[in-house]
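Here's the letter readout for the chains.
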Amino acid sequence: MKVLAILYDGGQAAVDEPRLLGTVENQLGLRSYLESLGHEYTVSSSKEGPDSDFQKHIVDAEVLITTPFHPGYLTRDLIEKAKNLKLCVTAGVGSDHIDLNAAVDHKIQVLEVSGSNVVSVAEHVVMSILLLVRNFVPAHEMIERGDWQVSEIARNAFDLENKVVGTIGAGRIGYRVLQRLVPFDCKELLYYDYAPLPAEAQKAVGARRVEDLVEFVSQCDVVTVNCPLHEGTRNLVNTELLKHFKKGAWLVNTARGAICNKDAVAAALRSGQLSGYSGDVWNVQPAPKDHVWRTVKNSLGGGNGMVPHYSGTTLDAQARYASGVKTILANYLDHKPQDPANIIVGLGKYETRAYGQR
Ligand code: NAD
């Protein structure tokens, strides 16, 4: 069996730190396991264009392992060329880089390691909310510059207490964000999701569901995006929706870059409709050097908390998703059933309700 893994280059960091498992260097710790069973294991970071290792090796691979952090975009065209492909495994959470409808049509299963990094992301979301609301980044930059002008920072710094925070998507990550916000004594915690939370879970965090998206965003001081990217969420936060945000709201997106419209967010930040935008996901990854989200600021020179895609790839998360990938492979090789929570696309059908209402 041929297993192809598209991972990111870890460079010297991955040589020095073997726990960087999701890298080309450390290969999810799978090489000796797969080779001892007589399988071929090809690992590369080269993923763009017809000459890439991805496109060269996908034609005869049986299993494809990818990660959302350095996504190998498996389009319908490539799926049609991948005559041997039976299983796609996402090392992490979020399989939108795979054309899931094409995987359904071609009976290719898509699994991810559900839950493996949801705490990692939820912690990052809470941090991102705080750094925007409290105007942290410009304050730190001022210190590095050698300056000290408290009023320049304090003029746009607030407390999270008594603010309304809402999550688009209240699944594993969204719910964990709500849980972690409880001690901050927010005015209200809201969520927008076509799947209502179980009554007990909703009560435990004191959240209120708002069923209309426009009504939802118009009540929030902070909006955090925690739903998967699919046909129903691509470009969801666009110029029209941003008009309905509270003026000066903060927006945090660690879900997927393409859920928020790149130019609409930049314009809203410049105009003051948004006070801040923060997150770690980009519509193209790696993000081009001139991507507007790298540098766009609000009128006071702050409001940007963007980082590379790493919230779900802490060393703790990498240990969990590497071990989860191995379990999925072992189940596949031994013809054992997979954990139902990990199956996004089963044989010829979606097995999850999180990728849109069907
Ligand atoms: P999950 O499946 O547990 O929850 C997703 C929730 O979103 C579900 O409750 C679903 O009903 C809801 N949803 C789907 N479409 C919606 C829509 N149109 N409007 C409102 N809600 C909608 O998934 P999760 O584990 O919470 O992860 C969510 C997403 O976060 C992933 O799909 C991935 O894209 C992203 N993620 C990012 C990182 C990172 O490192 N930045 C890591 C892990 C996951």
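The structure displayed is predicted, hence computed values, not measured ones.

What is the right way to look at the UniProt feature "domain: D-isomer specific 2-hydroxyacid dehydrogenase catalytic" (unreviewed entry) in the protein chain in this model?
With numbering matched to this structure, UniProt assigns "domain: D-isomer specific 2-hydroxyacid dehydrogenase catalytic" (unreviewed entry) to residues 36-335. What you have in residues 36-335 is 37% helix and 16% strand, and the ends, taken at the C-alpha atoms, are 18 Å apart.

Teacher, can you tell me more about the site of the ligand here?
The local shell around the ligand holds 30 residues, among which Arg172, Ile173, Asp193, His230 and Thr254 are the closest. For the ligand, an oxygen atom lies 2.9 Å from a polar atom in the backbone of arginine 172. Interatomic distance of 3.0 Å between a side-chain N/O atom of histidine 309 and an oxygen atom of the ligand. Here the ligand has 870 Å² of accessible area as a free molecule, and 93% of this is covered by the chains. Those elements that provide at least two residues to the shell around the ligand are α6 (118-133) and α9 (172-181).

Help me out: how do you make sense of the environment of alanine 201 in this one?
For alanine 201, the location among the structural elements is in helix α10 (residues 199-205). Residue alanine 201 is classed as buried on the basis of its relative accessible area, which comes to 19%. Linking alanine 201 and glutamine 179, residues 22 residues apart in sequence, is a C-alpha distance of 9.5 Å.

Even after reading the chapter, I still don't get the sheet that holds strand β7 (residues 188-192), so can you show me in this structure?
The strands that make up a sheet are held in pairs by hydrogen bonds between backbone atoms, and each pair lies either parallel or antiparallel. If you trace the 7 strands from one edge of the open sheet to the other, you get β8-β7-β6-β9-β10-β11-β12, paired in parallel fashion. Two strands lie at the open edges of the sheet, namely β8 (207-209) and β12 (304-306), each paired on one side alone. Taking each pair of neighbouring strands and ignoring which way they run, the sheet shows an average axis angle of 20 degrees. Pairing of strand β6 (residues 164-168) with β7, which is carried by 5 bridges, proceeds in the parallel orientation. Following the sheet pairing, threonine 167 is matched in β7 by tyrosine 191.

About the criteria used
Residues numbered from 1 in each chain as written. Predicted model: local features only at pLDDT ≥ 70, side-chain atom pairs only at ≥ 80, totals over all residues. Heavy atoms only, no water. UniProt positions renumbered as here; feature names shortened; annotations may be inferred. Helix = DSSP H or I, 4+ residues; strand = E, 2+ residues; numbered from the N terminus. Near = heavy atom within 4 Å. Polar contact = N/O pair within 3.5 Å; in protein donor to acceptor, adjacent residues only side chain to side chain. Areas by Shrake-Rupley, 256 points an atom, 1.4 Å probe, with all protein chains shown as cover. Buried < 20%, exposed > 50% of the residue type's maximum accessible area, 1.4 Å probe, protein only. Pairing = 2+ DSSP bridges. Axes fitted to C-alpha atoms, helices over the stretch in contact; angles between N-to-C directions.

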